[in-house]
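Take a look at the letters that make up each chain.
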Amino acid sequence: ASEAGIISSMIPEIKHELNFDYKTEGIVAASPDYGIVPGGIMAIFAFQCFPTYNCLVVVMFGTSLATFACAVRPSKDNLIMARAVGGFFWAHAATLYPVWIDQYGGSTERRTMWLAGMNVSLLVGILTGYIVGGI
């Protein structure tokens, strides 16, 4: 989630550094959406075929790997790819975390708190990204 805040707050610097125009800025901003829809659909099938925990582990590593690839070789195309792959895996996480919490969260009250915590962590991640990007 912090990626969304960092990219948003640093887009003027990124735009200048990677030398892209207004159209490309829109493509970069929208690129997570390219992965969200197919990722959400695939998450349904992943949930049916694999244990939720294993899917979530793959999601975390996949997002980290895409981000690392962009950091090692920064370019417009790698940034778009990393954000699209991040969106793809984020859709899996958004689909599978509630399932995982429902399976292992305990009582109804505890599951409610876990879900609230997951939602708060998303917002805290975005806010943290804005803070880090603004420094």
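The rules behind these values
- Residues numbered from 1 in each chain as written.
- Predicted model: local features only at pLDDT ≥ 70, side-chain atom pairs only at ≥ 80, totals over all residues.
- Heavy atoms only, no water.
- Helix = DSSP H or I, 4+ residues; strand = E, 2+ residues; numbered from the N terminus.
- Buried < 20%, exposed > 50% of the residue type's maximum accessible area, 1.4 Å probe, protein only.
- Disulfide = S-S within 2.5 Å.
- Axes fitted to C-alpha atoms, helices over the stretch in contact; angles between N-to-C directions.
- Parallel < 35°, antiparallel > 145°, perpendicular 65-115°, else oblique.
- Left-handed = near helix turned anticlockwise from the far one by under 90°.
- Contact = heavy atoms within 4.5 Å.
- Core = buried A, V, L, I, M, F, W, Y, C linked by side-chain atoms within 4.5 Å.
- Nonpolar A, V, L, I, M, F, W, Y, C, P; charged D, E, K, R; others polar.
- Salt bridge = Lys/Arg side-chain N within 4 Å of Asp/Glu carboxyl O.

Trainee: Explain the environment of Ile126 here, please?
Mentor: Turning to its location among the elements, Ile126 is positioned in helix H5 (residues 108–134). By relative accessible area, which is 27% here, Ile126 ends up partly exposed.

Trainee: Please explain the state of the cysteines as it appears in this structure.
Mentor: Tallied over the entire structure, the rule returns zero disulfides. Cys49 takes part in no disulfide bond, and the closest cysteine sulfur to it belongs to Cys55, at a distance of 8.6 Å.

Trainee: Help me out: how do you make sense of unusual backbone geometry in this one?
Mentor: When glycine is set aside, most residues are seen to have a negative phi, and most peptide bonds are trans. If you check the backbone angles, Asn19 has positive phi at about 60° while not being a glycine. Mapped onto the elements of the fold, Asn19 is located in the loop between helix H1 (2–18) and helix H2 (22–49).

Trainee: What should I look at first to understand the packing of helix H4 (residues 76–104) against H5 in this one?
Mentor: For any two helices packed against each other, the geometry comes down to the angle between their axes and how far apart the axes lie. Interhelical geometry of H4 versus H5 gives an angle of 160° and a closest axis separation of 9 Å. Comparing the axis directions of H4 and H5 gives the class roughly antiparallel. The crossing of H4 and H5 is right-handed. Along its contact with H4, which presents Trp90, Tyr97, Pro98, Ile101 and Asp102, the element H5 presents Arg111, Trp114, Leu115, Met118 and Leu122.

Trainee: How should I be thinking about the nonpolar core in this particular structure?
Mentor: Soluble globular proteins tend to pack their nonpolar side chains together in the buried interior. Core analysis: the biggest nonpolar cluster contains 10 residues, these being Ile7, Ile11, Ile14, Phe20, Val28, Ala66, Cys70, Leu79, Ile80 and Ala82. Broken down by secondary-structure element, the contributors of at least two residues to this core are H1, helix H3 (52–72) and H4. Residues contacting Ile7, with those up to four places away along its chain left out, are Ile14, Leu79 and Arg83.

Trainee: Can you help me understand the packing of H2 against H4 in this one?
Mentor: Interhelical geometry of H2 versus H4 gives an angle of 35° and a closest axis separation of 6 Å. Crossing angle aside, the handedness with which H2 passes H4 is right-handed. Of the residues in the contact of H2 with H4, the class split is 19 nonpolar, nine polar and two charged.

Trainee: Even after reading the chapter, I still don't get the pattern of salt bridges, so can you show me in this structure?
Mentor: Any two side chains of opposite charge can pair, on the condition that their charged atoms come close. Per the stated rule, a full pass over the model turns up two salt bridges. Among the salt bridges present, the one from Lys15 reaches Glu25, with a minimum N-O distance of 3.2 Å. Highlighted residues: Lys15 in helix H1 and Glu25 in helix H2, separated in sequence by 10 residues. Its salt-bridge partner being Arg111, residue Asp102 comes within 3.4 Å of it at the nearest N-O pair. Judged by relative accessible area, which is 23%, Arg111 ranks as partly exposed.

Trainee: What is the right way to look at the environment of Val59 in this model?
Mentor: By the secondary structure assignment, Val59 is in helix H3. With relative accessibility at 2%, the residue Val59 sits in the buried group. With 27 residues separating them along the chain, Val59 and Gly86 place their C-alpha atoms 8.8 Å apart.

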